[in-house]
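The lines below spell out each chain.
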Amino acid sequence: MRKSTPKIPESGRMRRIIKNRAIYLMILPGFLYFLIFKYIPMSGLIIAFQDYQAYLGVTGSPWVGLKHFERLFTEPMFFTILGNTLLLFFLNLAFYFPVPIILALMLNEVRREVFKRFIQTLVYIPHFMSWVIIVSISFVMLSMDRGIINELMVMAGFDKINFLMSSDWFRPMYVMQVIWREAGWGTIIYLAAMAAIDPGLYEASRMDGASRFRQMWHITLPSIRSVIVVLLILKIGDVLELGFEHIYLLLNSMNRDVAEIFDTYVYTAGLKQGQFSFSTAVGFFKSLIGLILVMLANKLAKKAGEEGIY
């Protein structure tokens, strides 16, 4: 007996969904993750406009309008925190962002596959370490008491430096730790983009006598330019989002004037004191600034002839 085929709905959209159901099933876990942990919690932003009390709940807490935002902008520490956050972001943008690109270009030029895989594994490993481990290793290396860096400086005839308690050394130490942990992992997308470049372009350039550097400059970099622009736009969206854990582990009473950022301020002034509405207002402000900057950066990218992210 001939088996009957399932009837496909007349709707064009439903027809496409049923036809590509395997793809939709693959994206379902990611969709549910963002829906449950990113979009549904956004309803909690309402408490930024309330004097939220846990025993009254969201519906019973009194409305206070923009009171918490006014407090944020009039806090004596606001401009210090804003300046620290922006400076650390621009240092990351200037020193960290180009490193994965340069590292990917260098790895792409390695012809011995075994050596290339070994180096990739070596630079990927720090990403799988928590910030606690990264900062702990840095503490051991930079400690005044038998730290290897200070011991080498003494052997070279220099005085010891208290890196961990110094305001001057906090920012370089922070940026170096970010590069150490994330640079290798950041090369993955660039290496994937380079793998999609037509090999015929390199063959034609070699026939024209182009050196390896010329091939990299005139073929590889232009071919991954759109990927660089997209990642730059996404990076700009994190302008006020530097991460709590890393900064908090480096923070102490001696470097607080240069290390305090919005994330640590929310924890100390908001959550530890139970000021949930105020901490939500700070998070709302950070998200709004990030959204505006992403939209502006995307618009500028499109005006420059790039695709952007939407």
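Residue numbers run consecutively from 1 along every chain, following the written order of its sequence. Selection of residues for local features in this predicted model requires a pLDDT of at least 70, selection of side-chain atom pairs for listing and counting requires 80 or more, and totals for whole chains, interfaces and linings are taken over all residues. By convention in this description, side-chain values take in all heavy atoms of the structure and omit both hydrogens and water.

As recorded by an unreviewed UniProt entry, the protein carries the name Protein lplB and is attributed to Paenibacillus glucanolyticus. UniProt positions are given in the numbering used here, feature names are shortened, and annotations may be inferred rather than shown by experiment. Per UniProt, the protein carries the Sequence similarities (unreviewed entry) text "Belongs to the binding-protein-dependent transport system permease family."

Caption draft 1: View of the overall build of the protein. When you go through the protein residue by residue, the secondary structure sums to 17 helices and zero strands. Computed over the C-alpha atoms, the radius of gyration of the protein is 25 Å, more than 25% above the 19 Å expected from 2.2 N^0.38 for a compact globule of 310 residues. For the protein, the spread of C-alpha atoms along the three principal axes comes to 70 × 70 × 45 Å. Residues classed as buried in the protein amount to 35% of the 310 residues present. For this analysis, residues touch if any pair of their heavy atoms sits within 4.5 Å. Considering only contacts in the protein between residues 6 or more positions apart, those separated by 24 or more positions represent 65%. Just so you have it, the protein exposes about 19,700 Å², and 67% of that area is on carbon and sulfur atoms. In this tally, Lys and Arg are treated as positive and Asp and Glu as negative; His is ignored, and so are the chain termini. To locate a charge, take NZ of a lysine, CZ of an arginine, CG of an aspartate or CD of a glutamate. Distance between charge centres in the protein, computed from 30 positive and 22 negative side chains, equals 12 Å. Numbered from the N terminus, helices here are DSSP runs of H or I no shorter than four residues, and strands are runs of E no shorter than two. Computation of the radius of gyration draws on C-alpha atoms alone. For the globule rule, the value is 2.2 Å times the number of residues to the power 0.38. Relative accessibility under 20% of the residue-type maximum defines a buried residue, over 50% an exposed one, and the middle range a partly exposed one, all with a 1.4 Å probe and only protein chains included. What sets the accessible areas is the Shrake-Rupley method with a 1.4 Å probe; for residues, cover comes only from the shown protein chains.

Caption draft 2: Representation of the environment of Met 173 within the structure. You can see Met 173 is positioned in helix H10 (residues 167–195). Residue Met 173 is classed as buried on the basis of its relative accessible area of 7%. Each C-alpha atom, one on Met 173 and one on Thr 74, is 31 Å from the other, the two residues being 99 residues apart in sequence. With residues up to four places along the chain from it excluded, the contact list for Met 173 reads Leu 142, Phe 163, Leu 164 and Leu 250.

Caption draft 3: Focus on the pattern of salt bridges. A pairing counts as a salt bridge when a side-chain nitrogen of Lys or Arg comes within 4 Å of a carboxyl oxygen of Asp or Glu. Scanning the entire structure with this criterion turns up nine salt bridges. Here Glu 75 and Arg 71 are joined by a salt bridge, their closest N and O atoms 3.1 Å apart. Close ionic contact of Arg 181 with Glu 182 constitutes a salt bridge, the shortest N to O distance being 2.4 Å. Like Arg 181, the residue Glu 182 is buried in the burial classification.

Caption draft 4: Broad picture of the UniProt feature "transmembrane region" (unreviewed entry) in the protein. The positions UniProt marks with the feature "transmembrane region" (unreviewed entry) are residues 21–40, 86–110, 122–144, 183–204 and 276–297. Split by type, residues 21–40 is 95% helix and 0% strand. Its first and last C-alpha atoms lie 25 Å apart. Between the C-alpha atoms that bound residues 183–204 there is a distance of 32 Å. The span itself is 86% helix and 0% strand.

Caption draft 5: Inspection of the domain arrangement of the protein at higher detail. Note that domain bounds follow an automatic or database assignment of domains. Taken domain by domain, the protein comprises domain 1 (12–47) and domain 2 (64–302). Between the C-alpha centres of domain 1 and domain 2 the distance comes to 30 Å.

Caption draft 6: Seen up close, helix H13 (residues 225–236). Helix length check: H13, at twelve residues, gives a terminal C-alpha distance of 16 Å against a target of 16 Å (1.5 Å per residue), a fit within 8%. Within the span of H13, buried status applies to Val 227, Ile 228, Val 229, Leu 231, Ile 233 and Ile 236. On the buried face of H13, the contacting elements are helix H5 (78–96), helix H6 (98–108), H10, helix H12 (212–223) and helix H17 (276–303). Take the number of residues in a helix, subtract one, and multiply by 1.5 Å to get its expected span.

Caption draft 7: The arrangement of the packing of H6 against helix H7 (residues 113–124) in detail. A fitted line through C-alpha atoms serves as each axis, taken over the contacting stretch for helices, and the angle formed by two N-to-C directions is quoted from 0 to 180°. Direction vectors running N to C along H6 and H7 enclose 160°, while the axes themselves pass 10 Å from each other. Between H6 and H7, the interaxial angle falls into the category roughly antiparallel. Of H7, the residues touching H6 (which contributes Leu 103, Leu 107 and Asn 108) are Lys 116, Ile 119, Gln 120 and Val 123. Each residue belonging to the contact of H6 with H7 can be placed in one class, and the counts come to four nonpolar, two polar and one charged. Note that the term roughly parallel is reserved for angles under 35 degrees, roughly antiparallel for angles over 145, roughly perpendicular for angles of 65 to 115, and oblique for everything else. Polar here means any residue other than Ala, Val, Leu, Ile, Met, Phe, Trp, Tyr, Cys and Pro, which are nonpolar, and Asp, Glu, Lys and Arg, which are charged; Gly is therefore polar.

Caption draft 8: Molecular detail of the nonpolar core. With 36 residues, the main nonpolar core has Leu 72, Leu 88, Phe 170, Tyr 174 and Phe 262 as its most contacted residues. Where this core is concerned, the elements lending two or more residues are H5, helix H8 (131–142), H10, helix H14 (244–250), helix H15 (256–259), helix H16 (262–271) and H17. A total of seven residues in this core trace back to one element, the largest contributor, which is H10. Residues belong to a common nonpolar core when they are buried Ala, Val, Leu, Ile, Met, Phe, Trp, Tyr or Cys residues joined through side-chain atoms within 4.5 Å.

Caption draft 9: How the structure looks around the packing of H16 against H17. Relative to each other, H16 and H17 sit at 165°, their axes nearing to 8 Å. As the angle between them shows, H16 and H17 are arranged roughly antiparallel. Every pair of crossing elements has a handedness; the one defined by H16 and H17 is right-handed. Along its contact with H16, which presents Phe 262, Asp 263, Tyr 265, Val 266, Gly 270 and Leu 271, the element H17 presents Phe 276, Phe 278, Ser 279, Val 282, Phe 285 and Lys 286. Of the residues assigned to the contact of H16 with H17, the class counts are eight nonpolar, two polar and two charged. Each crossing gets its handedness from the near helix: less than a right angle anticlockwise from the far helix is left-handed, clockwise is right-handed.

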